[in-house]
Amino acid sequence: MTNLVAVSRCRYMVQLELDLLVLFTLALGPGIFWVWYFYQRDRYEPEPAYLILRMFLLGIAVTFPVAFIEGLIAVLVASPLFLAAIVAPIVEEYGKYFVVRRFVYRDREFNEPMDGIVYATAAALGFASLENVIYIFSAYALSPAAALGTVIIRALFSVPAHALFASIWGYALGRAKFSPPEQRQGIVVRGLVLAMVLHGVFNFLLISAEVFAVAMLIFVLVLVPGMWILVNRNIGRALRQGRR
């Protein structure tokens, strides 16, 4: 009997480790895919892979101070909607912006407007990937079905959304670097504010969709397609500006 219990326990542990490995792969997969997607959009002068990896890892690293700041604010503010629609967009977008501005903006490889989009999305997807791991494993603690649902929803919406938000201020940062000095701050601020607003609307609609079906319709049919149209337009403009 003791041997049967030991064998059963061993099988359980092996299955658990396999499940966790699969979950970890599924959690990281969307972020890695979207890094590749935005990287290959820079078809004229692709950035060095080591810089993309650096920004991805810095995006992961900035998750910790961002979470700390959000946690402090959550102690003072009781409204989950306010935290999701106002606090999170401001703190998260600025955190991702900070690592790009601080660690790669002045690098000689940042030499065309498209680079702002590429580096911004790499940092954002590092952030989104760690966030994804946390959400998915937290859901798995409730049930495997909850984890699978979280994997699907976040892969389709939340992870690419982080890249879309960041690409907006990333394009602004790329434009600003090659604009007259007196115009740079205004370009960057407008890009950051737009990204924060869209992030806030995104979170607001997702939360509201749990109660109001129309919110989900606006989310799926208006907001998400609209962001993709905007980002693709910015990529086209950045590529044309880089070829001048």
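Quick look at the structure, then. Quick caveat: nothing in here was measured; it's all calculated off a predicted structure.

**A short note on the side chain of Glu131**
Counting through the fold element by element, Glu131 comes out in helix α4 (residues 113-142). Looking at Glu131, the relative accessible area reads 13%, which means it is buried. A polar atom in the side chain of Glu131 sits 2.9 Å from the side chain of His162.

**Remarks on the packing of helix α5 (residues 144-177) against helix α7 (residues 213-242)**
The N-to-C vectors of α5 and α7 enclose an angle of 35°; their axes lie 10 Å apart at closest approach. Of the two possible hands of crossing, α5 and α7 adopt the one that is left-handed. In this structure, α5 contributes Phe157, Pro160, Leu164, Phe165, Ser167, Ile168, Tyr171 and Arg175 to the contact, and α7 contributes Phe219, Val224, Met227, Trp228, Leu230, Val231, Asn234, Arg237, Ala238 and Gln241.

**A closer look at a positive patch on the surface**
Together, Arg175, Arg190, Arg233, Arg237 and Arg240 give the surface a local cluster of positive charge. Ranked by the residues each element gives to the positive patch, the list is headed by α7, at three residues. Structurally, Arg240 is set in helix α7. Residue Arg240 is classed as exposed on the basis of its relative accessible area, which comes to 53%.

**Digging into the nonpolar core**
Side chains that are nonpolar tend, in soluble globular proteins, to be buried together. Counting residues in each nonpolar core, the largest one holds 62 residues, and the members touching the most others are Phe38, Met55, Val100, Tyr119 and Trp169. Those elements giving two or more residues to this core turn out to be α1 (2-41), α2 (49-76), α3 (80-103), α4, α5, α6 (181-208) and α7. For this core, the element with the highest residue contribution is α5, accounting for twelve residues. Beyond its immediate chain neighbours, meaning those up to four positions away, Met55 contacts Val99, Val100, Val104, Tyr119, Ala122 and Ala123. Among the nonpolar cores identified, the runner-up in size contains eight residues, and Ala27, Ile136, Ala139 and Ala147 belong to it.

**Here's the deal with the packing of α3 against α6**
Any two packed helices are characterised by how steeply their axes cross, that is the angle between the axes, and by the distance between the axes. Relative to each other, α3 and α6 sit at 140°, their axes nearing to 8 Å. Handedness of the α3/α6 crossing: right-handed. Across from Leu81, Ala84, Ala85, Ala88, Pro89, Ile90, Glu92, Glu93, Tyr94, Tyr97 and Arg101 in α3, the residues of α6 making contact are Val188, Leu192, Ala195, Met196, His199, Gly200, Asn203, Phe204 and Ile207. Here the residues of the contact of α3 with α6 are counted per class, giving 14 nonpolar, three polar and three charged.

**Observations regarding a nonpolar patch on the surface**
A cluster of nonpolar residues, Val211, Phe212, Val214, Met216, Leu217, Ile218, Val220, Leu221 and Val222, forms a patch on the protein surface that exposes about 840 Å² of accessible area. Relative to the helices and strands, Ile218 is located in helix α7. For Ile218, a relative accessible area of 37% corresponds to the partly exposed category.

What counts and how
Residues numbered from 1 in each chain as written. Predicted model: local features only at pLDDT ≥ 70, side-chain atom pairs only at ≥ 80, totals over all residues. Heavy atoms only, no water. Helix = DSSP H or I, 4+ residues; strand = E, 2+ residues; numbered from the N terminus. Buried < 20%, exposed > 50% of the residue type's maximum accessible area, 1.4 Å probe, protein only. Polar contact = N/O pair within 3.5 Å; in protein donor to acceptor, adjacent residues only side chain to side chain. Axes fitted to C-alpha atoms, helices over the stretch in contact; angles between N-to-C directions. Left-handed = near helix turned anticlockwise from the far one by under 90°. Contact = heavy atoms within 4.5 Å. Patch = residues over 30% accessible without salt bridge, like charges linked within 9 Å, V, L, I, M, F, W, Y side chains within 5 Å. Areas by Shrake-Rupley, 256 points an atom, 1.4 Å probe, with all protein chains shown as cover. Salt bridge = Lys/Arg side-chain N within 4 Å of Asp/Glu carboxyl O. Lys, Arg positive; Asp, Glu negative; His and termini not counted. Charge placed at Lys NZ, Arg CZ, Asp CG, Glu CD. Core = buried A, V, L, I, M, F, W, Y, C linked by side-chain atoms within 4.5 Å. Nonpolar A, V, L, I, M, F, W, Y, C, P; charged D, E, K, R; others polar.

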